Amino acid sequence: MKPIRLPEPPGPTPGVPEIFDGGAYSVVRRAVVIGNGSTGSENQCVGLVRALGLSDKHVLYRVTRPKGGVNEWLHWLPVSVHKKLYFVLRRIFGYTQLLLTARGRKNVLVHPENGGSVGLSSILEADAKQIVKMARDTYETDGPLLVVASGRDTISVASSIKRLASENVFVVQIQHPRVKLNRFDLVITPRHDYYPLTPEAQEQVPRFLKRWLTPQEPPDEHVVLTVGALHQIDSAALRNAASAWNDEFAPLPKPLLVVNIGGPTRQCRYGADLAKKLISNLLSVLASCGTVRISFSSRTPDKVSGIIVKQLGDNPKVFIWDGQEPNPHMGHLAWADAFVVTADSISMISEVCSTGKPVYVMGADRCTWKYADFHKSLSKRGVVRPFLGSEDISESWSYPPLNDTAEAASRVREALAERGWRLRT
């Protein structure tokens, strides 16, 4: 039986039970995160949930694709079509192993189970109907459900949840979905996702391709624009990291320069030539550094990391993280006096720019399209500077830190309030 909702008083009164302050059905106490296995995408979702105060009340679901062999050729398909086609192929070629002839007449093994070797068995598979059923069945006891998703493969799941349970859920899609925005309650995306609409972009694209560019329309009331990517870095996280890494970082000679190296992308191409230039610039500023700590990402090509390790690995001022746990990333963010970052990773740059510390970018001149627009916007704000090799790292400078995650969380609260809902306090 549905419980009786008591009349609301004229205004909230401190100390009264929740049912008098808008009713149990108006309080959002829990969240579902829908990811696609990408650390960058899922980190954005968890960062928003954390900023909304629901970090201890969220469950991670994941949209997964079949992996290996011919599946690598099918990633351009919608995930639902990909899975159905894979099921048919398995029925034809066998359930234990699917052996297909690939290009060059090489045998390619397709693993029969998805994610069995990467720990995905502990992550719930994102099924829209199951999540909708859970949201409906628990609405009277637990109130509305916040759904936060990010990544191309999550779009159909998130939009289906809103369509099937719009009265019980509030759906936030992070990054522009390239579909109709009214399929979601809110879309949070960087401004540079709208770069295709700018005059500069229109001049770069042949006329016959313009109809295929997305987005086609300017942002509407469903859209929250950010400068960069959302993440989990805030003052509390930095304080905790400073304490956790105190014994390792406090004794290091200052200033501490942290160098984060990513990997080339389609819109930010580079190779060994940039690595050699980075080494030259680092050697030029080494006299003004007390310590240099270098980290590579999982995308860093071996030819790039190999050159850097060979040239700087024996320098007494330089420490190169070997990739073994524990990952010092949070310690670097908390303890660094300045950063040098390659231009390829918007997530990585967004995190270091949230600290308010000097950030020098390497390789921005090699970026094109929306990546170039992103770096241009940061330069205009005075948030980043190019790394030229002539810097004095001991001379500090600052700027208003990027605060995208907190600002996006504030917009989510406003949108919930327009619906008559609020987050737990």
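Only a predicted model underlies this, so the values are computations on that prediction, with no experimental measurement involved.

K.L.:
Got a sec to walk through the state of the cysteines? Specific residues and values, please.
P.N.:
Each disulfide consists of a covalent bond between the sulfur atoms of two cysteine residues. Under the definition given, this model contains one disulfide. Across a sulfur-sulfur distance of 1.7 Å, C268 and C367 are joined as a disulfide pair. Residue C268 is found in the loop between strand 11 (256-261) and helix 9 (272-285), and its partner C367 is found in the loop between strand 15 (359-362) and helix 13 (369-381); the two are separated by 99 residues along the sequence. Assigned by exposure class, C268 and C367 land together as buried.

K.L.:
An account of the pairing of strand 12 (residues 291-296) is needed here, citing residue identities and associated values.
P.N.:
In summary, the side chains of a regular strand alternate between the two faces of the sheet. Buried residues dominate strand 12, accounting for six of its six residues. Across the two faces of strand 12 the burial is the same, with T291, R293 and S295 and V292, I294 and F296 all buried. Of the pairings in the sheet, the one linking strand 11 to strand 12 comprises six bridges and is parallel in character. The residue of strand 12 that forms the bridge with L257 is V292. The parallel pair strand 11 and strand 12, bridged by helix 9, forms a crossover whose chirality is right-handed. Pairing geometry for strand 12 and strand 13 (residues 318-320), over three bridges, is parallel.

K.L.:
Now, about the sheet that holds strand 8 (residues 169-174): what can you tell me, with residues and values included?
P.N.:
Ordered in space as 6-3-2-7-8-9-10, the seven strands form an open sheet in which the pairing is parallel. Strands at the two margins of the open sheet, each flanked by one partner only, are strand 6 (124-125) and strand 10 (223-226). Where strand 8 meets strand 9 (residues 186-190), three bridges bridge the pair, whose relative direction is parallel. Looking across to strand 9, one finds that I174 is bridged to I188. Taken strand by strand, helix 3 (residues 128-137) contacts strand 2 (30-35), strand 3 (58-62), strand 7 (145-150) and strand 8, and its axis lies near 175° from that of strand 2. Its contacts with the sheet place helix 5 (residues 155-164) against strand 2, strand 7 and strand 8, and it is angled at close to 155° to strand 8.

K.L.:
Describe in detail the side chain of T300, supporting the description with residues and values.
P.N.:
Tracing the backbone through its elements, the reader meets T300 in the loop between strand 12 and helix 10 (302-312). Here G262 takes part through its backbone oxygen, which lies 2.7 Å from a polar atom of the side chain of T300. In this view, T300 contacts I261, G262, G263 and S305; residues no more than four positions away in its chain are not counted.

K.L.:
If you had to explain the packing of helix 1 (residues 39-51) against helix 14 (residues 404-418) to someone new, which residues and values would you point to?
P.N.:
As a packed pair, helix 1 and helix 14 sit with axes 9 Å apart at the nearest point and diverge in direction by 65°. Taken as a pair, helix 1 and helix 14 cross one another with a handedness that is right-handed. Every residue of helix 14 that contacts helix 1 at G47, L48 and A51 is listed here: T405, A408, A409, V412 and R413. A class-by-class count of the residues in the contact of helix 1 with helix 14 yields five nonpolar, two polar and one charged.

K.L.:
Which residues make up a nonpolar patch on the surface, and what values go with them?
P.N.:
A contiguous nonpolar surface patch, about 390 Å² in accessible area, is contributed by F208, L209 and W212. Along the chain, W212 falls in the loop between helix 6 (199-204) and strand 10.

K.L.:
Help me get a handle on the nonpolar core, residues and values and all.
P.N.:
Membership of the largest hydrophobic core comes to 56 residues, with the highest contact counts inside it found for L257, V259, L278, I294, I308, C353 and V359. Those residues within four positions of V259 in sequence are excluded, and the remaining contacts are L278, L282, V292, R293, I294, S295 and V340.

K.L.:
Please provide a residue-by-residue account of helix 12 (residues 346-353), values included.
P.N.:
The element helix 12 is extensively covered by neighbouring structure, given that seven of its eight residues are classed as buried. Regarding helix 12, the residues found buried are I346, M348, I349, S350, E351, V352 and C353. Here the buried face of helix 12 lies against helix 1, strand 11, helix 11 (329-335), strand 14 (338-342), strand 15 and helix 13.

K.L.:
Now, about the packing of aromatic side chains: what can you tell me, with residues and values included?
P.N.:
Evaluated as defined, the whole model comprises five aromatic pairs. When the centroid spacing of 5.0 Å and the interplanar angle of 90° are considered together, the rings of Y195 and W369 count as edge-to-face. Residue Y195 is located in the loop between strand 9 and helix 6, and its partner W369 is located in helix 13; the two are separated by 174 residues in the primary sequence. Residue Y195 is classed as buried on the basis of its relative accessible area, which comes to 7%. On the basis of an interplanar angle of 50° and a centroid distance of 6.2 Å, the ring pair of Y360 and F387 is categorised as tilted. One end of the pair, Y360, is in strand 15; the other, F387, is in the loop between strand 16 (385-386) and helix 14, with 27 residues separating them in the sequence. Like Y360, the residue F387 is buried in the burial classification. Aromatic rings pair up to connect Y360, F387, W397 and Y399 into one cluster. In this structure, R419 is placed above the aromatic ring of W421, and the distance from its NZ or CZ to the ring centre is 4.1 Å.

K.L.:
Please provide a residue-by-residue account of the packing of helix 9 against helix 10, values included.
P.N.:
Direction vectors running N to C along helix 9 and helix 10 enclose 30°, while the axes themselves pass 9 Å from each other. Classified by the angle their axes make, helix 9 and helix 10 are roughly parallel. At the point where helix 9 passes helix 10, the crossing takes the right-handed sense. Between helix 9 and helix 10, the contacting residues are A272, A275, K276, L278, I279, L282 and L283 on the first element and K303, V304, I307, I308, Q311 and L312 on the second.

K.L.:
Summarise the pattern of salt bridges; cite the residues concerned and give the values.
P.N.:
One pass over the structure, following the stated rule, counts 12 salt bridges. Of the charged contacts in the structure, one is a salt bridge between R293 and E248, with a shortest N-O distance of 3.4 Å. Residue R293 is located in strand 12, and its partner E248 is located in helix 8 (residues 246-249); the two are separated by 45 residues in the primary sequence. Under the relative-accessibility criterion, E248 is labelled partly exposed at 38%. Its salt-bridge partner being R411, residue E414 comes within 3.8 Å of it at the nearest N-O pair. With E414 and R411 both in helix 14, this residue pair falls three residues apart, about one helical turn. According to the relative accessible area criterion, E414 is partly exposed, its value standing at 42%. Overall, R411 belongs to the partly exposed group, its relative accessible area being 34%. Ionic contacts of the salt-bridge type, sharing partners, join the residues K162, D185 and R419 into one network.

Rules used throughout
Residues numbered from 1 in each chain as written. Predicted model: local features only at pLDDT ≥ 70, side-chain atom pairs only at ≥ 80, totals over all residues. Heavy atoms only, no water. Disulfide = S-S within 2.5 Å. Helix = DSSP H or I, 4+ residues; strand = E, 2+ residues; numbered from the N terminus. Buried < 20%, exposed > 50% of the residue type's maximum accessible area, 1.4 Å probe, protein only. Pairing = 2+ DSSP bridges. Right-handed = clockwise from strand over helix to strand, strands pointing away. Contact = heavy atoms within 4.5 Å. Axes fitted to C-alpha atoms, helices over the stretch in contact; angles between N-to-C directions. Polar contact = N/O pair within 3.5 Å; in protein donor to acceptor, adjacent residues only side chain to side chain. Left-handed = near helix turned anticlockwise from the far one by under 90°. Nonpolar A, V, L, I, M, F, W, Y, C, P; charged D, E, K, R; others polar. Patch = residues over 30% accessible without salt bridge, like charges linked within 9 Å, V, L, I, M, F, W, Y side chains within 5 Å. Areas by Shrake-Rupley, 256 points an atom, 1.4 Å probe, with all protein chains shown as cover. Salt bridge = Lys/Arg side-chain N within 4 Å of Asp/Glu carboxyl O. Core = buried A, V, L, I, M, F, W, Y, C linked by side-chain atoms within 4.5 Å. Phe/Tyr/Trp six-rings, centres within 6.5 Å; stacked < 30°, edge-to-face > 60°. Lys NZ or Arg CZ within 6 Å of the ring centre and 35° of its normal. Parallel < 35°, antiparallel > 145°, perpendicular 65-115°, else oblique.

Everything listed is a geometric property; what it means functionally is a separate question.
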